[in-house]
Number of protein chains: 6
Amino acid sequence: MALFDLPLEELRSYRPDIAVPADLVPFWEETLSGIPAAADTVEFALVENSLALIDSYDVTFTGFGGTRVKGWLKVPAGVQGPLPAVVEYVGYSGGRGLAHQGTLYAQAGYAHFIMDTRGQGAGGSAGDTPDDHPAAGQNSVSGRMTQGIMDPRDYYYRRVYADAVRAVDAAAAHPLVDAERIVVAGVSQGGGIAIAAAALSQRVTGAMPDVPFLQHFRRAATVTDSLPYAEIAAYLRRFRNREEAVFGTLSYFDGTALAALARVPALFSVALMDVTCPPSTVFASFNAWGHREKEIRVYPYNGHEGGQEFHELERLGWLAAHFGA
Amino acid sequence: MALFDLPLEELRSYRPDIAVPADLVPFWEETLSGIPAAADTVEFALVENSLALIDSYDVTFTGFGGTRVKGWLKVPAGVQGPLPAVVEYVGYSGGRGLAHQGTLYAQAGYAHFIMDTRGQGAGGSAGDTPDDHPAAGQNSVSGRMTQGIMDPRDYYYRRVYADAVRAVDAAAAHPLVDAERIVVAGVSQGGGIAIAAAALSQRVTGAMPDVPFLQHFRRAATVTDSLPYAEIAAYLRRFRNREEAVFGTLSYFDGTALAALARVPALFSVALMDVTCPPSTVFASFNAWGHREKEIRVYPYNGHEGGQEFHELERLGWLAAHFGA
Amino acid sequence: MALFDLPLEELRSYRPDIAVPADLVPFWEETLSGIPAAADTVEFALVENSLALIDSYDVTFTGFGGTRVKGWLKVPAGVQGPLPAVVEYVGYSGGRGLAHQGTLYAQAGYAHFIMDTRGQGAGGSAGDTPDDHPAAGQNSVSGRMTQGIMDPRDYYYRRVYADAVRAVDAAAAHPLVDAERIVVAGVSQGGGIAIAAAALSQRVTGAMPDVPFLQHFRRAATVTDSLPYAEIAAYLRRFRNREEAVFGTLSYFDGTALAALARVPALFSVALMDVTCPPSTVFASFNAWGHREKEIRVYPYNGHEGGQEFHELERLGWLAAHFGA
Amino acid sequence: MALFDLPLEELRSYRPDIAVPADLVPFWEETLSGIPAAADTVEFALVENSLALIDSYDVTFTGFGGTRVKGWLKVPAGVQGPLPAVVEYVGYSGGRGLAHQGTLYAQAGYAHFIMDTRGQGAGGSAGDTPDDHPAAGQNSVSGRMTQGIMDPRDYYYRRVYADAVRAVDAAAAHPLVDAERIVVAGVSQGGGIAIAAAALSQRVTGAMPDVPFLQHFRRAATVTDSLPYAEIAAYLRRFRNREEAVFGTLSYFDGTALAALARVPALFSVALMDVTCPPSTVFASFNAWGHREKEIRVYPYNGHEGGQEFHELERLGWLAAHFGA
Amino acid sequence: MALFDLPLEELRSYRPDIAVPADLVPFWEETLSGIPAAADTVEFALVENSLALIDSYDVTFTGFGGTRVKGWLKVPAGVQGPLPAVVEYVGYSGGRGLAHQGTLYAQAGYAHFIMDTRGQGAGGSAGDTPDDHPAAGQNSVSGRMTQGIMDPRDYYYRRVYADAVRAVDAAAAHPLVDAERIVVAGVSQGGGIAIAAAALSQRVTGAMPDVPFLQHFRRAATVTDSLPYAEIAAYLRRFRNREEAVFGTLSYFDGTALAALARVPALFSVALMDVTCPPSTVFASFNAWGHREKEIRVYPYNGHEGGQEFHELERLGWLAAHFGA
Amino acid sequence: MALFDLPLEELRSYRPDIAVPADLVPFWEETLSGIPAAADTVEFALVENSLALIDSYDVTFTGFGGTRVKGWLKVPAGVQGPLPAVVEYVGYSGGRGLAHQGTLYAQAGYAHFIMDTRGQGAGGSAGDTPDDHPAAGQNSVSGRMTQGIMDPRDYYYRRVYADAVRAVDAAAAHPLVDAERIVVAGVSQGGGIAIAAAALSQRVTGAMPDVPFLQHFRRAATVTDSLPYAEIAAYLRRFRNREEAVFGTLSYFDGTALAALARVPALFSVALMDVTCPPSTVFASFNAWGHREKEIRVYPYNGHEGGQEFHELERLGWLAAHFGA
């Protein structure tokens, strides 16, 4: 995809006005207050994973609305902790995968926690957590973007962001994890959730969002035709009279608003030919990020795949420098 | 699309072996037994529809699991009944639409009942009925085809088929409807639901399924790449070890098995270039239909649009001949 | 389709310079003067339409060059007139359809006249009127856009616009029609023809063009790749030396020039993601419209489908307010 | 395109039953009898063509219905005749081109006559001949395939095939042409017209149809989705009740029927991956060809482009062997 | 992709006749005889890989024609050998990747050797080995499939297969590797190379080819349009007279011929909806495999992605059972 | 393709800053100095071409690195020279073709020399010249654009441009060629090579580049997604750390830098809807052209096909006026 968004020089200083609800913080405080502390609900079960070098724990904890959310904790086999930890959220349509997948941070010596995204996990990787909330079945276009979108209390990502905060707590509850060194990370949707977790959790000490989704919805809905942002326009294409309600709901979940609440260092990445998560939506949040120690790697010729293995090394380097295993 | 399925001569006699669960009938009896009689739950409210010649009633009745299901009843303005009725189910992703839409049968002098398909209605036409069952949020690919597909009790179409039976009861409860003359109808998904309703409801007296979806799943999943059947393969593409469970669930919902239970006359239609609902899957059910009075119109050069306005006249003619207004 | 045209704020005041031929009005006066008055040529024949509530008349009248043009007149069954009337023109490739189709305005209590578009009618709906003019067979790319495009006298839309004016006259000739209350309407090509009819007929009293085609050709030919505007570029792709002749011809048919001649109230609609009829071409004509009482409904997330059922209600409301049945 | 049609072994002996109208020959005799002899109507005008080695004559002759049909006659500059001649018909959507194009046979020492296809010529090459018959504007899908298709007398290719016969006569009327050695040729549509000319003209002494279009319509309409055969299915997709009329008309124009009437040697070519003109439709006509001296070159890995420059050499070799310049 | 190839029952016994050159074995003996023993040329250099649990060695050895071929050897950090080893070849367009990628077998306790594919490595993963043979620049279509295809001695895969044999030797030369337990593996092109290596190397003790490419070329070239097999047809599309030469060359590289030479146990996988490496081409080789201990996992609803993480576990299980770490 | 690049008015004066290496001229002097004079290496062999009016000579001369490069010299049969000559380079993926192809300039009375592009010639036309340089097999994406792109000395187009200069010399060595009147020409890649030859050869006396490729690489790589420019972005998509090296290499081959060195009259052409060779990249070079006598024909509605037969006449006219045969 040729360059289609703003030029890089403009992106560097792009700070759009976005609508932030007056009750953004109370909304999230109330959301989280209803979920029991993860330390009280989390279970860890060591499972066979066919790997000699890695131990995988099957994790279950209570998320929003009482849903039992699944995850993996992966650590170097037989390690003595506590270790700094990476809590990773996964990309759209994927799940936590199988016990032997996704071990990069563990290979590098970290505790690696991967959270299932409820209701997802039949796409890029397998998931095991249903979204058993009644609002999951509200009228929507295919996909998750518009489930419950007529009310912030019903919106799908309310449950997911809340799960994400508890996932950090769940990770912190394991004896091999150093609860003072927990970094959230993720690519695409995972990056968007990581931004939310960094904003809403007191435990997070760093964030590594890559080509994050769920940022600056107003622009995203009109600057790209690619899924999943296009689900918003698809919904409004039918329900022509719901534009204000839809963006009203989304304003509680916009990473660009949440990024301003973050108080930890961050390493972002962005790809300039990314039509899935357009660079202006990523820079909007990066520029709004609430901690001065922030960096962004720019991949000028990449699409949504972003920096991939090259950026894995960037992340490992940044982690080692800030929270070294 | 060029001809891609069996030749017409083979289709005429195509009677595949399909797996029918031993407890098919009890499964559905139990499913329906848990829902209160529609006569006790249905509400009709006359609404403004901008039309001088048609009266539209906003209908609400209790479907599976207590969900309040919406529909429309449309009749000639100021008519004296009782009228023969058509209960129509809608195509995939659509809903009941607005009060002034979908009045063909009412214009022709029938009572016309349109049922919302729960959870759908953000696609081709607007819907108002959420699928508020906890299984709605189970891990699935985008779309409804694989929601709850690991267990027949959780499967999405269990709720929809059950709603469909109650919709017939709800229609019958209105004083303008002649409860002895109720025909079910629908195109694509609507046709598949109509087949199920004809098989499972004692009240139905005729059926008009067009290019029906939800038939002969085993073949459908491998003979076409088109959505929504392709959702099945997409699910199994990830969950490679769930093939038997998936088709085990689907066997309770396969129109080819249900068609054999039908005991009323039917008018089918099929299109030979239809890659969405391939002709062999339609003929499998037509050939299995359990009543000797059955006809099928074949559209050789059409895709999934089928006979459209030409077939509307076929339906009106068949209705008039069998259940004339 | 993401937003690709001018921003809405610029569209609101977009008034491009377009080339208007000095003899635009005489050209059309001469064109129309050669056609006999519709009252002398029109025939109405009541036909069976399978509908209890609607009467359908098969209409035939003499259009440009002596062609016998077909149409339908649909009215509430057994109604006493006279009724206000809507004369509707149809979208590209479609025809007047069958006798039971397209009854919305009749259901709402209006006389509803639908004109066949000569030569079209093998696409979205069936037509019955050939374009039996010798220029119909001139060298052209597939489609109607470039038929006879080397001379305004030979151009396809000369015949169609002239037919459209006579269609209004033909409608006015029926005793059930109130000749003082005739509104022209149409979607896409139908909207473009409605603009022309409103500009060129003295009988029209209102216009409802939706996402109109045939506007601001110069811009349309370079701002979109979508058919049918792309037929112009396809023609010039081969005949590289005919640019001036082509746009010279088109200047007699450009809705942006004709809109300025209109002297009746209008309700427009436009969709901001419409690549078939780009919003700048629609606003060019709306902003040029020659009557101060004009409104436009903007559908920001829609493509060429525009407002559909939501806009049907807008039209019915506007009609009732201005010309109420 | 992978192999999609019959295997080559089956193609070699593929002789389908096709419906041949009882009055096929009289129909064409009557058609041709109404056109004046080309010798009486043809005009040749030497024009500037920028080429030192080739002389180009602008040709005009009277075709079906009095239409003045254009063509080129190209010969070696300053040549003394008479020369054997190739009369070439052009592919779908193209025209005769400009005076300096298409000189291959002239470079090889032949007289080269290229006929315009009426109404076409805004596609692959420029044309100058309108189809000024009233039936040209009958309701049809985009393209020429369905113009006038409801009646063999109105059908577009009636006029074209008749022109093609007269084009042979026109070529024969030029003093540089040896009227005893005239070969018809063409690619795709041009090949189909060449087959018709070989069948219907007494003057033709050889034929070189390449990947010919307009053969075995019944099969063509269902074995491929590619244009232009797909225009037939597109027409029947709307007009569901016209299948018999359409194929009734086409039976007068089917190259598979006409090939049986041919009495001259032929060199065919076919490409096995050709989805535009599927190999079974080509072999149907080749196998039916009415002269024992016939050859076919098979290009197994080519699509509709066929043998191109490799087959040009085949043609030049075959010409030299049979009608050597 | 719907099922497009033979039904599974036929695949199970599909044993096509393929042309095997009489000098197949001598050809390969001569090819390999010209390359020095890897033990004499290989170099291993431990590099920083950012991983605590894995040691990565940068490997260089001499392949065909003196080219210095790169690879990685990855082992559990600080392990004491010797370990059973997996030699992996990579998919089309990819290279060996970076030092921290592709560690699955090492995590499972094996020595993991990944060979660069010369000239490739700008696609799915990065490579570092040029194909510095003069034949690399012969006329070809884009891609590697037709480089040097006019002569088996010049053909690209001659160099690659030869490298692959030496890669096994190179792995065996490392002290941490148990030279008696070396399994070759790979997906797609990697699977095809693994089959060749198993056939041509005396050191290999097992093979795990997944959805292998480079099998049964004659069928592959006509049963699918997908790249890279389609490069063959693309080449023959231009060079219509080279069919025999091309397939003559390919007969020396056809995995279906080579599989018959294999004398070690094998675990294959195949996907029934795989249009890139169609199932009949895979079964042709599996059925021809020259050792009785062979298994194949069938993924009925997958395309070329095959079994992915589910099949990773199959491989790890098979490895443990046969060559357990 | 709709207009997507700068407006024509801006294109007319578009003069971007591009990076020109300080050693651009020495680099090329050194490159050329290593190749023997063509007069010493060229061979001409008259071959049979099936054409009566044209003589074709099979040409072989020594190009870069000793490669024997092929070409054709085509002249009017039996002509007495010397004739002005056109040296033509061919488009991407094509070769010199067969002996009877590509005779336009010879038909017009010129000597016509067509050079093979080494390594290409399996695409649009057949070629016979391998690229037997070791760098041909370096890691690259499919296509030629990135072969050897890490070093200007290894880059593919270094060899091609050098061949192109020697091709002019080779043409000049034939007795039928007037060495004082040699014009270089070509379309797309051929146009880009012609620009290079005009800049680097002292013998060239005119240039006719059409829609030239290989201009203003920096912009080309981000303004279009179309191949072959997209090969650059594809390469950088994988090798994220090579951006500077890649554009450093390309700066020695950028037609926009080379055009400034040209000292002969030129006729350019450009198409405003050309996504393969975007108009801004063409105008960048046209505006930089180093001779005041320059013209450009603009085709506003064309894509990469450009002016085709219309522009052929432009070229013949320009040739006749400047170098008349």
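Predicted, not measured: the structure shown is a model, and the values here were computed from it. (Residues numbered from 1 in each chain as written. Chains lettered and ligands numbered in written order. Predicted model: local features only at pLDDT ≥ 70, side-chain atom pairs only at ≥ 80, totals over all residues. Heavy atoms only, no water.)

## A look at the packing of helix 5 (residues 156–172) of chain B against helix 6 (residues 189–200) of chain B
Residues and elements named next belong to chain B.
So, step 1. Closest axis-to-axis distance for the helix 5/helix 6 pair is 9 Å, and the angle between their directions is 65 degrees. The two elements helix 5 and helix 6 cross, and the hand of that crossing is right-handed. Along its contact with helix 5, which presents Tyr-157, Val-160, Tyr-161, Ala-164 and Val-165, the element helix 6 presents Gln-189, Gly-192, Ile-193, Ala-196, Ala-197 and Leu-200.
So, step 2. When the residues that make up the contact of helix 5 with helix 6 are grouped by side-chain class, the tally is nine nonpolar, two polar and no charged. (Axes fitted to C-alpha atoms, helices over the stretch in contact; angles between N-to-C directions. Helix = DSSP H or I, 4+ residues; strand = E, 2+ residues; numbered from the N terminus. Left-handed = near helix turned anticlockwise from the far one by under 90°. Contact = heavy atoms within 4.5 Å. Nonpolar A, V, L, I, M, F, W, Y, C, P; charged D, E, K, R; others polar.)

## Here we look at the interface of chain C and chain B
So, step 1. Listed as interface residues are 21 residues of chain C and, on the opposing side, 21 residues of chain B.
So, step 2. Interface area for chain C against chain B, summed over the two sides, is near 1,800 Å², with a carbon-plus-sulfur share of 66%.
So, step 3. Considering only the surface of chain C that becomes buried against chain B, Leu53(C), His100(C) and Gln107(C) emerge as the three largest contributors, covering 35% of it.
So, step 4. Where chain C meets chain B, there are zero salt bridges.
So, step 5. Counting across the interface, chain C meets chain B through eight residue pairs in polar contact (both at pLDDT 80 or more).
So, step 6. For the side of chain C that touches chain B, the elements supplying multiple residues, two or more each, are helix 4 (104–107) and helix 12 (308–323) of chain C.
So, step 7. Per element, the largest residue contribution to the side of chain C that touches chain B is five residues, and it comes from helix 12 of chain C. (Buried area = accessible area lost by both parts, 1.4 Å probe. Salt bridge = Lys/Arg side-chain N within 4 Å of Asp/Glu carboxyl O. Polar contact = N/O pair within 3.5 Å; in protein donor to acceptor, adjacent residues only side chain to side chain.)

## Some remarks on the UniProt feature "active site" (unreviewed entry) in chain A
Residue and element names in this part refer to chain A.
So, step 1. UniProt records the feature "active site" (unreviewed entry) for Ser-188, Asp-274 and His-304 in the present numbering. In three dimensions, the annotated residues from a span of 117 residues occupy one location, with a maximal C-alpha spread of 10.7 Å.
So, step 2. Of note, Asp-274 is situated in the loop between strand 8 (266–271) and helix 11 (279–288).
So, step 3. You can call Asp-274 buried: its relative accessible area is 0%.
So, step 4. Setting aside chain neighbours within four positions, we find Asp-274 in contact with Phe-4, Val-211, Pro-279, Asn-302, Gly-303 and His-304.
So, step 5. Following the sequence through the fold, His-304 ends up in the loop between strand 9 (294–299) and helix 12 (308–323).
So, step 6. Non-local contacts of His-304, meaning those with residues more than four positions away in its chain, are made with Ser-188, Val-211, Asp-274, Thr-276 and Cys-277.
So, step 7. A distance of 2.7 Å separates the side chain of His-304 from the side chain of Ser-188, its partner in a polar contact. (UniProt positions renumbered as here; feature names shortened; annotations may be inferred. Buried < 20%, exposed > 50% of the residue type's maximum accessible area, 1.4 Å probe, protein only.)

## Some thoughts on the interface of chain B and chain A
So, step 1. With 29 residues of chain B at the contact, the number on the chain A side is 29 residues.
So, step 2. With both chains or domains summed, chain B and chain A bury close to 1,900 Å², and 46% of this area falls on carbon and sulfur atoms.
So, step 3. Considering only the surface of chain B that becomes buried against chain A, Ala122(B), Asn139(B) and Arg238(B) emerge as the three largest contributors, covering 30% of it.
So, step 4. Remark: the boundary between chain B and chain A carries zero salt bridges.
So, step 5. Seen at the junction of chain B and chain A, the total is 14 residue pairs in polar contact (both at pLDDT 80 or more).
So, step 6. Considered class by class, the residues forming the side of chain B that touches chain A number nine nonpolar, 14 polar and six charged.

## Focus: the environment of Val282(C)
So, step 1. Relative to the helices and strands, Val282(C) resides in helix 11 (residues 279–288).
So, step 2. For Val282(C), the residues in contact, after removing those within four places along its chain, are Val211(C), Pro212(C), Phe268(C), Ser269(C), Val270(C), Cys277(C) and Ile296(C).

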